[in-house]
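Letter by letter, the chains look like this.
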Amino acid sequence: MNSFRYLSPEWTAEAFRRLKEELTPDKMKNVTSSMVTFYENCPDGKNRALYYKFIDGVVADVSIQEGEPPDAEFRISGDYDTFARISRAELGSRAALMTGKLRLHGNMVKALSLSAVVDRMNKVLATIPTEY
Amino acid sequence: MSTMQTDPYFIDFPARIQAIQAEMAAQGIDVYLGSRLRTLSWTVDAFCPWRSYVVIPPDGLPTAFTFVIDAARVGHDSWLGEDHVLGYAPMGGQDQITVVSDLISRYLKGGKGVVGIESGMATYLPEGNLTHHEYERFQEAVPSARLVNAHDIVDRLSLVKDEGTINRFRKASCIVDIGHQAVLDAIKDGGYRGMTETEIAGLAAYAMRKAGSEWEWSFTGGNEIASGYRTSFTGGACTPATRRELQPGEPLMVDLHAMFMLGLGDHAHNYLLGPATPRQRWHAKNFVDLVSLCLNTYKPGVSPSSLADEMMLFAEDRGFAEYMVPGFEHGIGLMGDEWRIGLNDGPFPYWTNPDHVYQPSEMLICAMQYACPEEAIGFRYENPILITADGCEPLSRFRLAIEEI
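Undergrad: Mind showing me how you'd approach the overall build of chain B here?
TA: Secondary structure summary: chain B contains 10 helices and 15 strands in total. Relative to its length of 405 residues, chain B is compact, with a C-alpha radius of gyration of 23 Å against a globular reference of 22 Å. C-alpha extents for chain B along the principal axes are approximately 75 × 40 × 40 Å. Classification of the 405 residues of chain B by burial places 57% in the buried group.

Put into structure tokens, the structure is as follows:
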């Protein structure tokens, strides 16, 4: 099976395909929202933003860009290595937030109700064969 | 106050003070100025609802200070007696800064030395850390002394509970169970019709007071009662009772609080007011199964984060993770010691360290919240538990179930 370089355009396209295919609107709680995961200190020294858009529980967009993150309802920021450890299932996203390794920006009450949705997304992303 | 060692509620307060003094000596602290409610309860053994202080010298008995209108009562209730519980008042030479700093000065040689204070922050409003104003005024009053933050001393010593403290909690939980039985007796067979949340809170309070509870101690509104949609606020672990009338077909959350000799009872029990739907029963079974698993999981070596991961995995497998708050505990100790678990050693100052490792004879509230706002249903579980050698002892014994009434 081909593997994809983490956060490359190819990895992002594969993430979009798998999320759209595997997460039904029901599993996504029919949510309409947007989220950015902001990766600081990527191996090439750059920062990258992975942008997700959901409309009525359908994953409508997953895209990657360099530099400053675009606007989104929620932004989760952290070191590249932290996100990589989460993707490799070496670290739980909840534990990363609780220990300050990740930082959430956005309405905490709404985020709390969507935490299971993010867990489901992370589970799907963890299935992508990835080179870090 | 309990001074008989054969009394099941006996606590060796002189030994507690000596333990604090040993820590003070080890850290080079000449005088300890306690101001947090948890410290007052833990050292004075009396309820101190007004701003109070306890001054602990390098040896000998401490002296507590409280608002003069309550000082005689606190002195009566405390093991310290009237000579070591003094009042302060807004008059010359009697304001709290003057009387407390006068005593502190007596323990400082030439006015020099180290004064341990309690500073920090808390989610719990009545925590009682020294305020900025108090800090500045005390520093002015003892200008040659150095004020250092020393609350870790009391936090560390109070972490593992002694038998007298545990027995006070057991008794408070027995009283809470009496309150729950009174609620059940009142609402069953359609008795809930026409009742309001505040009425449920009141009849439980009456039953618990008859059984010896000193008050419904929780700062979150005493007995927390929620019905219908009010059970389902996201993260909604705080529901002071309202004038809302109970309705058939709705959930009812009954979270009762009793206090016995500063030991705290805190147990939540849930109902479905009939007729219940299959979907409501599905939610109820999810919750009861999760609580049962959680109680079976608590043991020495477990941490808040490891337990949360395990519980959320179970919830995800069963398809109800989105209804759970991913936290399963809050701290508890004698009155004033609520919310944070363990020491102030986590990644976020003055919050529970998610990697705190439980050890035998620690106590906490096993707590979880289930909320499905879109279906206006939610449940809460709270129960003081004692970590034992190989598991945990739930102190409230009211049956674990979501009962259909």
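Undergrad: Would you mind going over the overall build of chain A with me for this structure?
TA: Of the regular secondary structure elements, chain A holds four helices and seven strands. If you list the helices and strands of chain A from N to C, you get β-α-β-β-β-β-α-α-β-α-β. Radius of gyration (C-alpha) of chain A: 14 Å, near the 14 Å computed for a compact globule of 132 residues. Viewed in the frame of its principal axes, chain A has a C-alpha envelope of about 35 × 35 × 25 Å. Residue burial in chain A is summarised as follows: out of 132 residues, 47% are buried. Within chain A, residue pairs in contact and separated by at least 24 positions form 64% of the contacts whose partners lie at least 6 positions apart. Within the structure as shown, chain A displays about 6600 Å² of accessible surface, and the carbon and sulfur contribution to it stands at 51%. For chain A, the separation between the mean place of its 18 positive charges and that of its 18 negative charges on side chains is 4 Å.

Undergrad: I tried to follow the interface of chain A and chain B on my own but got confused; where do I start?
TA: If you look at the interface, chain A gives 12 residues, while chain B gives 15 residues. Summing both partners gives a buried area of about 1300 Å² for chain A against chain B, and 59% of it is carried by carbon and sulfur. On the chain A side of the interface with chain B, the three residues burying the most area are R94(A), L112(A) and R120(A), jointly 38% of the side's total. Our enumeration of links across chain A and chain B arrives at three salt bridges. Across the salt bridge formed by E316(B) and R120(A), the nearest N and O atoms sit 3.0 Å from each other. Those elements giving two or more residues to the side of chain A that touches chain B turn out to be α3 (93-98) and α4 (108-125) of chain A. Split by residue class, the side of chain A that touches chain B holds five nonpolar, three polar and four charged.

Undergrad: Even after reading the chapter, I still don't get the packing of helix α4 (residues 96-106) of chain B against helix α5 (residues 132-141) of chain B, so can you show me in this structure?
TA: Two quantities define a packed helix pair, namely the angle between the axes and the distance from one axis to the other. Residues and elements named next belong to chain B. Look at α4 against α5: their axes get within 10 Å of each other, and the N-to-C directions meet at 50 degrees. With respect to their mutual orientation, α4 and α5 come out oblique. Read as a crossing pair, α4 and α5 show a hand that is right-handed. Residues Q96, I97, V100 and S101 of α4 form the contact with α5, whose own contacting residues are E134, R137, F138 and A141. Residue classes in the contact of α4 with α5 are distributed as four nonpolar, two polar and two charged.

Undergrad: Could you clarify how one ought to interpret the sheet that holds strand β2 (residues 53-56) of chain B in this entry?
TA: Neighbouring strands of a sheet are bound in pairs by backbone hydrogen bonds; such pairs are parallel or else antiparallel. All names here are of chain B. Taken in spatial order, the six strands make up an open sheet running β4-β3-β2-β1-β5-β6, and their pairing is mixed. This sheet does not close on itself; its edge strands, each paired only once, are β4 (85-88) and β6 (145-149). Across the sheet, the axes of successive neighbouring strands diverge by a mean angle of 25 degrees, strand direction being ignored. Examined bridge by bridge, strand β1 (residues 31-34) and strand β5 (residues 113-117) share two bridges and lie parallel to one another. Within β5, the residue paired with Y32 across the bridge is G116. Running at roughly 135 degrees to strand β3 (residues 63-67), helix α3 (residues 68-77) makes contact with β3 and β4 of the sheet. Across the face of the sheet, α4 comes into contact with β1, β2, β3, β4 and β5 while running at roughly 10 degrees to β2.

Undergrad: Explain α4(A) here, please?
TA: Counting along an α-helix, one turn takes 3.6 residues, and residues three or four places apart therefore face a common direction. Residues and elements named next belong to chain A. The axis of α4 is deflected most strongly, by about 50 degrees, at L114. Every buried residue of α4 is accounted for by A111, L112, S113, L114, S115, A116, V117, D119, R120, M121, V124 and L125. N-cap assignment for α4: the residue whose side-chain oxygen lies 2.9 Å from the backbone N of V109 is N107.

Undergrad: Help me understand the side chain of S113(A), please; the structure alone is not making it clear to me.
TA: Assignment of secondary structure puts S113(A) in helix α4. On the basis of relative accessible area, S113(A) is assigned to the buried category, the value being 18%. In contact with S113(A), not counting residues within four places along its chain, are K29(A), T234(B) and E322(B).

Undergrad: Honestly, the sheet that holds strand β7 (residues 224-227) of chain B in this entry has me stumped. Any pointers?
TA: All names here are of chain B. The strand order β7-β8-β9-β15 describes an open sheet built from four strands, whose pairing is mixed. Edge positions in the sheet fall to β7 and β15 (402-404), since each of these pairs with one other strand and no more. The mean angle between the axes of side-by-side strands here comes to 20 degrees, regardless of whether they run parallel or antiparallel. Pairing of β7 with strand β8 (residues 251-260) involves four bridges; the strand directions are antiparallel. When the bridges of β8 are listed, E224 appears paired with D255. This element, helix α7 (residues 163-187), spans β8, β9 (263-272) and β15 of the sheet and lies at about 25 degrees to β9.

Undergrad: Please explain the packing of α7(B) against helix α8 (residues 197-210) of chain B as it appears in this structure.
TA: Residue and element names in this part refer to chain B. Two elements in contact, α7 and α8, have axes separated by 8 Å at closest approach and are oriented at 130 degrees. In terms of orientation, α7 and α8 fall into the oblique class. The element α7 and its partner α8 pack so that their crossing is right-handed. Seen from α7, the contacting residues are I175, V176, I178, G179, A182, V183, A186 and I187; seen from α8, they are I200, L203, A204, A207 and M208.

Undergrad: I'm lost on unusual backbone geometry in this one. Help?
TA: For residues that are not glycine, phi is negative in most cases, and the peptide bond is trans in most cases. Residues and elements named next belong to chain B. A cis geometry characterises the amide bond from G274 onward to P275, with omega recorded as 0 degrees. Of note, P275 is situated in the loop between β9 and α9 (278-297). Even without a glycine there, the phi angle at M261 is positive, about 50 degrees. Secondary-structure assignment places M261 in the loop between β8 and β9. The backbone of S361 shows a phi angle near 75 degrees, a positive value even though the residue is not glycine.

About the criteria used
Residues numbered from 1 in each chain as written. Chains lettered and ligands numbered in written order. Predicted model: local features only at pLDDT ≥ 70, side-chain atom pairs only at ≥ 80, totals over all residues. Heavy atoms only, no water. Helix = DSSP H or I, 4+ residues; strand = E, 2+ residues; numbered from the N terminus. Rg over C-alpha atoms; globule rule 2.2 N^0.38 Å. Buried < 20%, exposed > 50% of the residue type's maximum accessible area, 1.4 Å probe, protein only. Contact = heavy atoms within 4.5 Å. Areas by Shrake-Rupley, 256 points an atom, 1.4 Å probe, with all protein chains shown as cover. Lys, Arg positive; Asp, Glu negative; His and termini not counted. Charge placed at Lys NZ, Arg CZ, Asp CG, Glu CD. Buried area = accessible area lost by both parts, 1.4 Å probe. Salt bridge = Lys/Arg side-chain N within 4 Å of Asp/Glu carboxyl O. Nonpolar A, V, L, I, M, F, W, Y, C, P; charged D, E, K, R; others polar. Axes fitted to C-alpha atoms, helices over the stretch in contact; angles between N-to-C directions. Parallel < 35°, antiparallel > 145°, perpendicular 65-115°, else oblique. Left-handed = near helix turned anticlockwise from the far one by under 90°. Pairing = 2+ DSSP bridges. Bend = angle between axes of the 7 residues up to and from the residue. Polar contact = N/O pair within 3.5 Å; in protein donor to acceptor, adjacent residues only side chain to side chain.

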